[in-house]
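Observations on chain architecture
Take a look at the letters that make up each chain.
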Amino acid sequence: MKRVITYGTFDLLHYGHIELLRRAKALGDYLIVALSTDRFNSEEKGKHCYFSYDKRKLLLESVRYVDLVIPEDSWDQKAGDIHLYHVDTFVIGDDWQGKFDFLRDEGAAVVYLPRTPEISTTAIKKDLSL
Ligand code: C2G
């Protein structure tokens, strides 16, 4: 069983996120999503989420491509996660291009997928505020 992991906030879940999850799942048989906690978002990522961790987790667990949702509470947990969850492939959008190549030293493939260009949570919030 090929196990894939990806990380993110996934707030206001939209089709750009779904396209990432669909392509990530296509790289293996089991997809783990490490979901940024509310603390990690506000204190480390400077993101203010519309939905709480529990609501964002519920939404992700409803996505057909997602097999397991775990918390992301530290920038430094990725290497440990690869061993803890026996991950074969780390996947993330290419806005992070090159940032996680070091995970190859943990024995995982590292794949950067093109983002879906025209959609973002920021754009949604901006459009709705008009
Ligand atoms: N994404 C995408 N297309 C978009 C928007 C997002 O492919 N239009 C991808 C991002 O590249 C990322 C995932 O969807 O792989 C989740 O996006 P965010 O919630 O914005 O994740 P981010 O804040 O980049 O968190 O430790 C890594 C971080 O937790 C990644």
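In this convention, every chain numbers its residues from 1, walking through the sequence in written order. The predicted origin of the model limits local features to residues at a pLDDT of at least 70 and limits the giving and counting of side-chain atom pairs to 80 or more, whereas totals for whole chains, interfaces and linings rest on all residues. Heavy atoms throughout the structure, all of them, feed into the side-chain values; hydrogens and water do not.

Describing the overall build of the chain
Counting its regular elements, the chain contains 5 helices and 5 strands. Every helix listed is a DSSP run of H or I at least four residues long, and every strand listed is a run of E at least two residues long, numbered separately from the N terminus. Helices and strands in the chain line up, N terminus first, as β-α-β-α-α-β-α-β-β-α. Relative to the 2.2 N^0.38 estimate, which gives 14 Å for 130 residues, the radius of gyration of the chain is 14 Å and therefore close to what a compact globule would have. Seen through its C-alpha atoms, the chain measures out along the principal axes to roughly 45 × 30 × 30 Å. For each residue, the accessible area found with a 1.4 Å probe, counting protein chains only, is set against the maximum for its type, and the residue is called buried under 20%, exposed over 50%, and partly exposed in between. Of all 130 residues assigned to the chain, the portion counted as buried reaches 45%. Residues count as neighbours in contact if any of their non-hydrogen atoms are within 4.5 Å of one another. Nonlocal contacts in the chain, meaning residues at least 24 apart in sequence, comprise 64% of its contacts between residues at least 6 apart. In this treatment the radius of gyration is a C-alpha quantity, and the globule benchmark scales as 2.2 Å times the residue count to the 0.38 power.

Digging into the pattern of salt bridges
Take a side-chain nitrogen of Lys or Arg and a carboxyl oxygen of Asp or Glu: if they are within 4 Å of each other, that pair is a salt bridge. Enumeration over the complete set of coordinates arrives at 10 salt bridges. Between D67 and K25 there is a salt bridge; the shortest N-O distance is 3.0 Å. One end of the pair, D67, is in the loop between α3 (53-61) and β3 (68-72); the other, K25, is in helix α1 (residues 15-25), with 42 residues separating them in the sequence. Residue K25 is classed as buried on the basis of its relative accessible area, which comes to 17%. Here the salt bridges do not stand alone but share partners, grouping R39, E43, E44 and D73 into one network.

Re the site of the ligand
By convention in this text, a residue qualifies as near a molecule or strand provided that one of its non-hydrogen atoms is within 4 Å of it. In the region of the ligand, 21 residues are neighbours, and K47, E72, K78, T116 and I119 sit closest. N or O atoms within 3.5 Å of each other form a polar contact, as long as, within protein, one can give a hydrogen and the other can take it, and as long as residues adjacent in sequence are counted only when both atoms are side-chain atoms. In the environment of the ligand, an oxygen atom lies 2.6 Å from a nitrogen or oxygen atom belonging to the side chain of K47. Coverage of the ligand by the protein amounts to 95% of the 640 Å² it exposes when considered alone. Residue assignment for the shell around the ligand shows that the elements contributing at least two residues are β1 (3-8), α1 and β4 (89-93). Top contributing element to the shell around the ligand by residue count: α1, with 3 residues. Across the shell around the ligand, the residue classes tally to 7 nonpolar, 8 polar and 6 charged. For accessible areas, the Shrake-Rupley method is used with a probe of radius 1.4 Å. Any residue's cover is judged against the shown protein chains and nothing else. The nonpolar class holds Ala, Val, Leu, Ile, Met, Phe, Trp, Tyr, Cys and Pro. Asp, Glu, Lys and Arg form the charged class, and all remaining residues, Gly among them, are polar.

What to know about the environment of L68
With respect to the helices, strands and loops of the structure, L68 is situated in strand β3. Look at L68 and you get partly exposed, because its relative accessible area is 28%. Along the sequence, L68 and D95 sit 27 residues apart, while their C-alpha atoms lie 24 Å from each other. Once residues within four sequence positions are removed from consideration, L68 is found in contact with Y30, L31, I32, V33 and Y85.

What to know about the sheet that holds strand β2 (residues 30-36)
Think of it this way: DSSP has to see at least two bridges between two strands before they count as a pair. Ordered by their spatial adjacency, 5 strands build an open sheet running β3-β2-β1-β4-β5, and the pairing between neighbours is parallel. Each of the sheet's edge strands pairs with one partner strand only, and the pair in question is β3 and β5 (109-113). Shown here is a sheet whose adjacent strand axes are inclined to one another by a mean of 25 degrees, direction ignored. As paired elements, β4 and β5 share 5 bridges and run parallel to each other. Bridge pairing links G93 to L113 in β5. The strands touched by α1 are β1, β2, β4 and β5; relative to β2, the strand with the most contacts, the crossing angle is about 140 degrees. Comment: axis = line fitted to C-alpha atoms, over the contacting stretch for helices; angle = value between 0 and 180 degrees taken between N-to-C directions. Packed on one face of the sheet, helix α2 (residues 38-45) meets β1, β2 and β3 and runs near 60 degrees to β2.

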